[in-house]
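Remarks on the overall topology
Letter by letter, the chains look like this.
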Amino acid sequence: MTGSTWGGEQLDLDAYLARIGYEGDRRPTLETLRTLHAAHSAAIGFENVEIVLGRPILLDLAALQAKMVRQRRGGYCYEQNLLYAAALERLGFRVSGLGARIRMGEDKVRPVTHALLKVELDGTEWITDVGFGGEALLAPIPLRDGAEERQGAWTFGLVHEKETESWVLRSRHEDGWFDLYAFGDERRFPVDYAVFNHYISTHPRSPFTGRIVVQKPGYELRRTLVGRELTLTRPDWSREVREVAPEEIPGLLDTEFGITLSAADAETLVATYGE
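Positions within a chain are numbered from 1, following the residues in the order the chain's sequence is written. The predicted nature of this model means local features are confined to residues of pLDDT at least 70 and side-chain atom pairs, given and counted, to a pLDDT of 80 or more, with totals for whole chains, interfaces and linings taken over all residues. With hydrogens and water stripped out, all remaining heavy atoms of the structure feed into the side-chain values.

This part is about the sheet that holds strand 6 (residues 147-151). The pairing of strands in a sheet happens through backbone hydrogen bonds and is either parallel or antiparallel. DSSP-based pairing: two strands are paired if at least 2 bridges between them are found. Going along the chain from the N terminus, every DSSP run of H or I of four or more residues is numbered as a helix, and every run of E of two or more is numbered as a strand. Pairing in this open sheet of eight strands is antiparallel, and the strands run 5-4-3-2-9-8-7-6 from one edge to the other. Where the open sheet ends on each side, the last strands, each with one partner, are strand 5 (141-142) and strand 6. Here strand 3 (residues 112-121) runs beside strand 4 (residues 124-128); their pairing, made up of five bridges, is antiparallel. Residue pairing across strands places Lys118 opposite Ile127, the latter belonging to strand 4. In what follows, residue pairs with any heavy atoms lying within 4.5 Å of each other are defined as contacts. Interaxial angle, 0 to 180 degrees, is taken between N-to-C directions of lines fitted to C-alpha atoms, where a helix line uses only the stretch in contact. Contacting strand 3, strand 4 and strand 6, helix 2 (residues 30-43) runs over the sheet at an angle of about 10° to strand 4. Contacting strand 2 (94-102) and strand 3, helix 6 (residues 190-202) runs over the sheet at an angle of about 150° to strand 3.

See the structure below:
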């Protein structure tokens with residue numbers, strides 16, 4: 001294939017880098033990749049507010065930049081990783097898309113609904129994924145069987161599962177390894193994510209169509225708001241859980257998740273949860 005896959009030439013790179021607070025080297029090196037991943041994860045929260053407000057999730061780059069860069073909103077996996085992929089492509093990285101089946105500790109076979117990215121750099125392949133939410137990677141991890149990395153207070157691992165011919169990303173919990181998702185080697189493209197996005201943003205059984213889901217990973221704290229339940233998880237696996245009032249939600253999105261709603265959207269969201 002020739003030409004741009006991810007639309008990097010359409011990206012306002014300066015605006016994107018300012019949004020995530022990145023002021024470092026722009027050469028396509030491992031250090032650049034690590035720092036970009038960390039900066040994006042810290043700046044842009046995971047959220048499905050558009051779905052709760054009854055709007056479609058738009059994946060064209062103009063819409064992604066308008067929402068996540070200029071409006072300082074967040075997004076879920078397709079939105080975040082498509083924006084990130086455009087930035088990586090623009091910076092000269094060799095980036096390709098992959099699709100994953102969510103596990104979250106279970107072995108049942110789910111459909112491919114998660115988008116993640118692979119970067120080839122100096123003969124090594126790296127998984128980099130800024131769109132998985134509260135338990136997401138905070139840095140790239142090498143695509144190698146048995147790879148294990150400490151990222152902040154959390155430990156992640158990758159194993160190749162022979163029986164399913166899949167790679168499995170895992171997180172170390174207090175009682176052992178916890179499977180996050182499984183993925184294969186088949187390349188995925190923006191058109192694939194458009195199909196996945198339609199299903200996950202409209203199907204009544206999708207976890208994102210019936211309630212707000214907002215998440216943000218951190219080096220020492222993971223934040224999650226599902227419906228009206230706010231959960232803060234610390235490295236010792238202690239959890240602080242409380243139910244929030246509808247009128248608290250817009251403020252929490254801003255202070256805890258870095259997501260800025262317009263006054264109109266904040267009012268609509270409060271009304272939705274106050275019904």
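Our focus in this paragraph is the packing of helix 1 (residues 13-20) against helix 2. Contact geometry of helix 1 with helix 2 gives a least axis separation of 8 Å together with a crossing angle of 70°. Of the possible angle classes, the one that applies to helix 1 and helix 2 is roughly perpendicular. Along the contact surface, helix 1 presents Tyr16, Leu17, Arg19 and Ile20, while helix 2 presents Leu36, Ala39, His40 and Ala43. All residues other than Ala, Val, Leu, Ile, Met, Phe, Trp, Tyr, Cys, Pro, Asp, Glu, Lys and Arg, Gly among them, are scored as polar; the first ten of these are nonpolar and the last four charged. Broken down by class, the residue content of the contact of helix 1 with helix 2 amounts to six nonpolar, one polar and one charged. Convention used here: angles under 35 degrees read as roughly parallel, angles over 145 as roughly antiparallel, angles from 65 to 115 as roughly perpendicular, and any remaining angle as oblique.

Here, a salt bridge means any side-chain nitrogen of Lys or Arg that lies within 4 Å of a carboxyl oxygen of Asp or Glu. Counted under the stated rule, the structure contains 21 salt bridges. Where Arg188 meets Glu186, a salt bridge forms, and the shortest distance between an N and an O atom there is 3.5 Å. Only protein chains enter the calculation, and the probe is 1.4 Å; a residue is then buried if its accessible area is under 20% of its type maximum, exposed if over 50%, and partly exposed in between. The exposure class of Arg188 is buried, given its relative accessible area of 15%. Among the residues examined, Glu186 registers a relative accessible area of 54% and is labelled exposed.

Looking now at the packing of helix 2 against helix 5 (residues 77-90). The geometry of a pair of packed helices is captured by two quantities: the angle between their axes and the separation between those axes. At a closest axis distance of 12 Å, the pairing of helix 2 and helix 5 adopts a crossing angle of 150°. Classed by the angle they form, the pair helix 2 and helix 5 counts as roughly antiparallel. In this structure, the crossing between helix 2 and helix 5 has a hand that is right-handed. On helix 5, the residues touching Leu33, Leu36, His37 and His40 of helix 2 are Gln80, Leu83, Tyr84 and Leu88. For the contact of helix 2 with helix 5, a count of residues per class yields five nonpolar, three polar and no charged. In this scheme, a crossing is called left-handed if the near helix is turned counterclockwise away from the far one by less than a right angle; it is called right-handed if the turn is clockwise.

Our next topic: the environment of Glu23. For Glu23, the position within the fold is in the loop between helix 1 and helix 2. For Glu23, a relative accessible area of 80% puts it in the exposed group. Between the C-alpha atom of Glu23 and that of Pro111, which follows or precedes it by 88 residues, the distance is 38 Å.

What counts as a ring pair is set by centres within 6.5 Å for rings of Phe, Tyr and Trp (its six-membered ring), and what kind of pair is set by the plane angle: stacked under 30 degrees, edge-to-face over 60, tilted for all other angles. Under the definition given, this model contains nine aromatic pairs. The interplanar angle of 25° and the centroid separation of 6.4 Å between the aromatic rings of Trp6 and Tyr193 together place this pair among those described as stacked. Of this pair, Trp6 sits in the segment before helix 1 while Tyr193 sits in helix 6, and the two are 187 residues apart along the sequence. Each of the two residues, Trp6 as well as Tyr193, counts as buried. By way of ring pairs, the aromatic residues Trp6, Phe46, Tyr76, Tyr78, Tyr193, Phe196 and Phe208 are connected into one cluster. The ring of Trp154 carries Arg222 above its face, with NZ or CZ at 3.7 Å from the centroid. Lysine and arginine charges are scored as sitting over a ring when NZ or CZ, respectively, is within 6 Å of the ring centre and within 35 degrees of the ring normal.

Attention now moves to the sheet that holds strand 1 (residues 46-47). Taking strand neighbours across the sheet as the criterion, the five strands line up as 1-10-11-12-13 in an open arrangement whose pairing is antiparallel. Only two strands of the sheet have a single neighbouring strand rather than two, namely strand 1 and strand 13 (239-243). As judged from the two bridges shared by strand 1 and strand 10 (residues 213-216), these two strands associate in the antiparallel manner. Counterpart to Glu47 in the pairing with strand 10 is Val214.

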